[in-house]
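Residues per chain are reported as follows:
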2 protein chains.
Amino acid sequence: MHSPKRLLFLDFVLSVFRLNGLLISEGDAMTEKLGLTSARWKVIGAIALSSKGLTVPGIARVLGQSRQAVQRITDVMVSDNLLFYQVNPRHKRSVIVTLTDAGTEIYNLLREVQDPWALGTTEDIPIEELESALRLVRRLIQKFDK
Amino acid sequence: MHSPKRLLFLDFVLSVFRLNGLLISEGDAMTEKLGLTSARWKVIGAIALSSKGLTVPGIARVLGQSRQAVQRITDVMVSDNLLFYQVNPRHKRSVIVTLTDAGTEIYNLLREVQDPWALGTTEDIPIEELESALRLVRRLIQKFDK
DNA sequence: CCGATAATGTCAGCATGTTGTCATTGTTGT
DNA sequence: ACAACAATGACAACATGCTGACATTATCGG
């Protein structure tokens, strides 16, 4: 038998690989004028979206990456004065990564590019399709994230 | 206004990043016993799926990657005797990347792991949802792939 | 309270992707 | 045919991710 489902899924997997690469390119293009890169975009986004302070391993958990990879990025962003490490009252060694004023400003500028991009990209896509696809992606993430 | 669509899409984007990482991990785990990695998995899959012979830049186009990245992988796979470079009658310098017998054998072994993985992962997902999500991903790829 | 376990920071090595550059080879339009 | 342009191979520099290893610090169970 041919199992169209198997082929469909493999096609989906390859397409996710490809979309991932294209999204990184989009992120790089969007953030270029702000002196960011897609990796820094991810980190700054994770921090800005979290209500409570995040530690480096915390950001890594949100992004699904290794803490070492995140640490490398945040170290550079601290020396670029976009972030600073704030004393964590709940943990002596694990500091809280916080946006500096400059970092907040960059994030606001970022949103001025990012928001129109998000809206423009999805303007001809029904919200139901987006929700449905997100549910599927989340379901797969849950399956693999153990 | 809050524009739930914008937030929905950004959530989708972050989820794609995360799924991408998890799929690479899955690929690494699946191919480990075969002496492959996810990068080689992609290349060997692209070659096996193409009816005509593919050149290195051709594989790169299929995968949506730079030809240099693919070249590096294929060079290693040639020295590992999984691939060989075949004279291309249509181009004096650009050789055709071909599976050796050993490479074909690995690919067959790979399928014995990959097919159950694909079926198992999707067994509780309706085929319509998969198709719908793939359509959306393809649509985004088309939008960004210029 | 104390020992075992988990979490964190740090450093190192490596895999995989990017871009840039340059010489060479193909292709195409006039 | 020839000149302009595109595609390819090769090499280099770099960004971003991974894992492993080790010391230190927190947390938890007895």
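Residues numbered from 1 in each chain as written. Chains lettered and ligands numbered in written order. Predicted model: local features only at pLDDT ≥ 70, side-chain atom pairs only at ≥ 80, totals over all residues. Heavy atoms only, no water.

In terms of regular secondary structure, chain A is built from six helices and three strands. Shown N-terminal to C-terminal, the secondary structure of chain A runs as helices and strands in the order α-α-β-α-α-β-β-α-α. In chain A, the proportion of contacts linking residues at least 24 apart, taken out of those at least 6 apart, comes to 44%. Charge centroids of chain A, computed over 19 positive and 16 negative side chains, lie 15 Å from each other. (Helix = DSSP H or I, 4+ residues; strand = E, 2+ residues; numbered from the N terminus. Contact = heavy atoms within 4.5 Å. Lys, Arg positive; Asp, Glu negative; His and termini not counted. Charge placed at Lys NZ, Arg CZ, Asp CG, Glu CD.)

A few words on the protein's contact with DNA strand C. Neighbouring DNA strand C are 25 residues, the closest being Arg67 of chain A together with Ser66, Arg72, Lys92 and Arg93 of chain B. The sugar-phosphate backbone supplies 59% of the atoms of DNA strand C found within 4 Å of the protein. Take Thr37 of chain B: an N or O atom from its side chain is 2.6 Å from a phosphate oxygen of DNA strand C. At a separation of 2.9 Å, a base oxygen of DNA strand C approaches a polar side-chain atom of Arg72 of chain B. Those elements that place two or more of their residues in the surface near DNA strand C are α3 (56–63) and α4 (67–79) of chain A together with α2 (38–49) and α4 (67–79) of chain B. Class assignment of the residues belonging to the surface near DNA strand C gives a composition of six nonpolar, nine polar and ten charged. (Near = heavy atom within 4 Å. Polar contact = N/O pair within 3.5 Å; in protein donor to acceptor, adjacent residues only side chain to side chain. Nonpolar A, V, L, I, M, F, W, Y, C, P; charged D, E, K, R; others polar.)

Our next topic: the confidence of the model for chain A. Averaged over every residue, the pLDDT of chain A is 90; residues scoring 70 or more account for 98%. Mean pLDDT in chain A bottoms out at helix α1 (residues 4–31) of chain A, which sits at 90, and peaks at α4 of chain A, which reaches 95. (pLDDT = per-residue confidence, 0-100.)

Moving on, we come to the interface of chain B and chain A. Contacts between the two partners involve 52 residues from chain B, matched on the other side by 52 residues from chain A. Buried area between chain B and chain A, both sides added, is near 5900 Å², and the carbon and sulfur share of it is 73%. The interface formed by chain B and chain A holds eight salt bridges in total. The tally of links between chain B and chain A comes to 18 residue pairs in polar contact (both at pLDDT 80 or more). (Buried area = accessible area lost by both parts, 1.4 Å probe. Salt bridge = Lys/Arg side-chain N within 4 Å of Asp/Glu carboxyl O.)

Turning to the environment of His91 of chain A, a few remarks are in order. All names here are of chain A. Tracing the sequence through the fold places His91 in the loop between β2 (83–86) and β3 (96–99). When its relative accessible area of 41% is taken as the criterion, His91 is described as partly exposed. Put simply, His91 and Leu8 are 83 residues apart on the chain and 47 Å apart in space, counted from C-alpha to C-alpha. (Buried < 20%, exposed > 50% of the residue type's maximum accessible area, 1.4 Å probe, protein only.)

All right, on to the pattern of salt bridges then. All chains considered together, the criterion is met by twelve salt bridges over all chains. The partner of Asp115 of chain A in a salt bridge is Arg111 of chain A, with the nearest N and O atoms 2.9 Å apart. Pair noted here: Asp115 of chain A and Arg111 of chain A are both in helix α5 (residues 101–122), with a separation of four residues, about one helical turn. For Asp115 of chain A, a relative accessible area of 14% puts it in the buried group. Given a relative accessible area of 29%, Arg111 of chain A falls into the partly exposed group. Measuring nitrogen to oxygen at the nearest pair gives 3.1 Å for the salt bridge that ties Arg6 of chain B to Asp115 of chain A. In this pair, Arg6 of chain B is assigned in helix α1 (residues 4–31) and Asp115 of chain A in helix α5, connecting two distinct chains. Of the two residues examined, Arg6 of chain B and Asp115 of chain A, each falls in the buried class.

The next subject is helix α2 (residues 38–49) of chain A. Side chains that are three or four residues apart share a direction in an α-helix, a result of its 3.6 residues per turn. The terminal C-alpha atoms of α2 of chain A lie 16 Å apart, and with twelve residues this matches the ideal 16 Å at 1.5 Å per residue to within 8%. Residues of α2 of chain A that are buried: Ser38, Trp41, Lys42, Val43, Ile44, Gly45, Ala46 and Ile47 of chain A. (Expected span 1.5 Å × (residues − 1).)

Moving on to the protein's contact with DNA strand D. Looking at DNA strand D, there are 27 residues lining it, with Thr37, Ser66, Lys92 and Arg93 of chain A together with Arg67 of chain B nearest. When the atoms of DNA strand D within 4 Å of the protein are sorted by group, sugar and phosphate make up 61%. A distance of 2.6 Å is found between a phosphate oxygen of DNA strand D and a side-chain nitrogen or oxygen belonging to Thr37 of chain A. The set of elements that each furnish at least two residues to the surface near DNA strand D consists of α2 and α4 of chain A together with α3 (56–63) and α4 of chain B. With five residues, α4 of chain A is the largest single contributor of residues to the surface near DNA strand D.

With that out of the way, let us pick up the nonpolar core. Considering soluble globular proteins, one finds that nonpolar side chains tend to be buried as a cluster. In this structure, Phe12 of chain A together with Phe12 of chain B are the most contacted members of the largest nonpolar core, which totals 88 residues. Beyond its immediate stretch of four places on either side in the chain, Phe12 of chain A contacts Val137 and Leu140 of chain A together with Leu19, Ala133, Leu134 and Val137 of chain B. (Core = buried A, V, L, I, M, F, W, Y, C linked by side-chain atoms within 4.5 Å.)

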